[in-house]
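# Geometric and topological summary
Listed below, chain by chain, are the residues.
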Amino acid sequence: MAFEWEDLLQEELLDPGILSCQGCGAVIALRHILRALGKNTIVTVPACCWTIIDGPYPYHSLRVPLFHTAFETAAAAACGIRAGMNARGKEDVNVLAFAGDGGTFDIGLQALSGVAERNEDIIYVCYDNEAYMNTGIQRSGATPYKAWTATTPYESPNQRPKKNIVEIMKAHKIPYIATASIAFPLDLYKKVKKAKEIRGTRFIHVLCPCPPGWRMDSELTVKIARLAVEAKVFPLYEIEDGEFLRINYMPKGLPVKDYLILQGRFKHLTENDINEIQKMVDYNFDKLLEEHRRSNGTIDNIERGLYK
Ligand SMILES: Cc1ncc(C[n+]2csc(CCOP(=O)(O)OP(=O)(O)O)c2C)c(N)n1
Ligand code: SF4
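Criteria and cut-off values
Residues numbered from 1 in each chain as written. Chains lettered and ligands numbered in written order. Predicted model: local features only at pLDDT ≥ 70, side-chain atom pairs only at ≥ 80, totals over all residues. Heavy atoms only, no water. Helix = DSSP H or I, 4+ residues; strand = E, 2+ residues; numbered from the N terminus. Expected span 1.5 Å × (residues − 1). Buried < 20%, exposed > 50% of the residue type's maximum accessible area, 1.4 Å probe, protein only. Contact = heavy atoms within 4.5 Å. Near = heavy atom within 4 Å. Polar contact = N/O pair within 3.5 Å; in protein donor to acceptor, adjacent residues only side chain to side chain. Nonpolar A, V, L, I, M, F, W, Y, C, P; charged D, E, K, R; others polar. Core = buried A, V, L, I, M, F, W, Y, C linked by side-chain atoms within 4.5 Å. Salt bridge = Lys/Arg side-chain N within 4 Å of Asp/Glu carboxyl O. Pairing = 2+ DSSP bridges. Axes fitted to C-alpha atoms, helices over the stretch in contact; angles between N-to-C directions. Parallel < 35°, antiparallel > 145°, perpendicular 65-115°, else oblique. Left-handed = near helix turned anticlockwise from the far one by under 90°.

## Re helix α4 (residues 74-87)
Given 3.6 residues per helical turn, the α-helix brings residues three or four places apart onto the same face. Spanning 14 residues, α4 covers 20 Å between terminal C-alpha atoms, matching the ideal 20 Å at 1.5 Å per step. Taken as a whole, α4 has its buried residues at A74, A75, A77, A78, C79, I81, R82 and M85. Among the structural elements, β1 (41-45), β2 (66-68), β3 (94-100), α6 (109-117) and β4 (123-128) are those in contact with the buried residues of α4. Backbone geometry just after α4 places G89 at a positive phi near 75°.

In structure tokens:
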């Protein structure tokens, strides 16, 4: 499937006047995702920033229906909507669960696992801002090692590595999994288009910087999302049927420090901390490269410089 920028800019399903903070990565994500899915889509969001962003009833900022649901139920609610649509003969409606990292990595994981195990026919997107932002920046299972949050203050930053949600979903052997970035919108768009054509559970993990939570200037959202990819902190890849892994873009391999120093949530890090994080990032990326090689027989087919 070949797509160009004009395709991406075709349809606008997000209205102006949304209630997010300035520079919210989660808004950019849903904007592009809906452009790829089109109007024939129903979205469900659990308790999260997007509950607020959409607007208080009767206001609503999307040009598709959105169903607000309880924190732990994004996947289960999407599954129910799917069953309802099918019962009414509307099998062509895209059902999208759109949930934060708290509602995915932690409290919604059981429902998500159940849906994936049954291979229910939904698209689940986790917009990952690496903490419980809506309730005041508390640590989640997606919070990176040594990050500041309101519950992991500078004196005792987060001591655990980020949970690997993609590995967890991979173990369910669902037909399609992808990581994506708001700084690589065409790649995100292509992945959602691809997911739309596949039946069964599809899972997309999008890193969405959050200016207040990451303690950064609001104009840096896209730059930081790009640095996360280029520094190998958040590589872009996809997995088919729990087996075949493809890295979609070879990062430039910028120092992880370039990514960390723009964010106040990492301002307490020492040189030793940064070196330790660099080693973890390199280790994880090398494992991905190995998996890509195993699936493809080579790493020479990874795109380089495609999205400059
Ligand atoms: C069972 C339950 N526990 C706690 C809450 C309070 N709550 C609402 S939104 C939220 C944070 C959501 O975090 P996340 O899913 O990461 O999304 P974000 O706010 O970052 O967009 C919490 C804790 C709730 N609504 N329901
Ligand atoms: S707190 Fe973060 S995720 Fe929530 S609306 Fe603001 S920028 Fe977006």
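What follows picks up the thread again.
## Remarks on the site of ligand 1
Close to ligand 1 lie 16 residues, the nearest being C49, G102, G103, Y127 and N134. Contacts to ligand 1 include D101, whose side-chain N or O atom sits 3.4 Å from an oxygen atom. G103 is positioned with one of its backbone polar atoms (N or O) 2.9 Å from an oxygen atom of ligand 1. When grouped by side-chain class, the residues that make up the shell around ligand 1 number 9 nonpolar, 6 polar and 1 charged.

## Looking at the nonpolar core
Judged by nonpolar contacts, the single largest core of 44 residues is most densely connected at I33, V43, W50, L62, L96, F98 and V206. A per-element tally of this core places helix α2 (residues 25-37) first, with 8 residues. Residues contacting L62, with those up to four places away along its chain left out, are L13, L14, L30, L34, V43, W50 and D54. One finds A78, A97, I174 and M250 within the second-largest nonpolar core, a separate group that totals 37 residues.

## Considering the pattern of salt bridges
A full pass over the atoms with the stated rule returns 22 salt bridges. Ionic pairing is found between E276 and K146, a salt bridge with its closest N-O pair at 3.7 Å. Here K146 lies in the loop between β4 and α7 (165-170) and E276 lies in helix α12 (residues 271-296), a separation of 130 residues in the sequence. For E276, a relative accessible area of 33% gives the class partly exposed. Here E238 ties to K194 by a salt bridge, and the two come within 3.5 Å at their closest N and O atoms. Of the two residues, E238 is situated in strand β7 (residues 237-240) and K194 in helix α8 (residues 185-197); the sequence distance between them amounts to 44 residues.

## As for the site of ligand 2
The environment of ligand 2 is formed by C21, C24, C49, I53, N129, M133, C210, P211 and P212. For the shell around ligand 2, the elements supplying multiple residues, two or more each, are α3 (49-53) and α9 (211-214). Among the residues making up the shell around ligand 2, the classes are represented as 8 nonpolar, 1 polar and no charged.

## So, the pairing of β3
On a regular strand, each side chain points to the face opposite its neighbour's, so the side chains alternate between the two faces of the sheet. When you tally the buried positions in β3, you get 7 out of 7 residues, the bulk of the element. Alternating residues of β3 divide into N94, L96, F98 and G100 and V95, A97 and A99, and every residue in both groups is buried. Across 5 bridges, β3 lies against β4 in parallel orientation. Looking at β4, one finds that A99 is bridged to C126.

## Some thoughts on the environment of F203
Note that F203 resides in strand β6 (residues 202-207). Distance from F203 to N94, taken between C-alpha atoms, is 14 Å for residues 109 residues apart in sequence. Filtering out sequence-adjacent residues up to four positions away, F203 remains in contact with T104, L112, Y124, C126, I165, M169, I174, Y176, I177 and A178.

## A look at the packing of α2 against α8
Put simply, α2 and α8 touch, their axes get as near as 8 Å, and they point 45° apart. In this view, α2 runs oblique relative to α8, as classed from their interaxial angle. Seen from above, α2 lies across α8 with right-handed handedness. Along the contact surface, α2 presents A29, H32, I33, R35, A36 and L37, while α8 presents P185, L188, Y189, V192, K193 and K196.

## So, the sheet that holds β3
Taking strand neighbours across the sheet as the criterion, the 8 strands line up as β2-β1-β3-β4-β6-β5-β7-β8 in an open arrangement whose pairing is mixed. The sheet is open, and its two edges are formed by β2 and β8 (244-247), each paired on a single side. Averaged over all adjacent pairs, the angle separating strand axes in this sheet is 20°, with direction ignored. Inspection of the sheet shows β1 paired to β3 by 4 bridges, in the parallel sense. Paired with I42 across the bridge in β3 is V95. Sheet strands in contact with α12 are β7 and β8, and its direction is about 120° off that of β8.

## Thoughts on unusual backbone geometry
A cis amide bond, omega 10°, links Y57 with the succeeding residue P58. Take P58: it is sitting in the loop between α3 and β2. Non-glycine residue K146 carries a positive phi angle of around 70°. Overall, K146 belongs to the buried group, its relative accessible area being 13%. Of note, the phi angle at R215 is positive, near 55°, even though the residue is not glycine. Following the sequence through the fold, R215 ends up in the loop between α9 and α10 (221-230).

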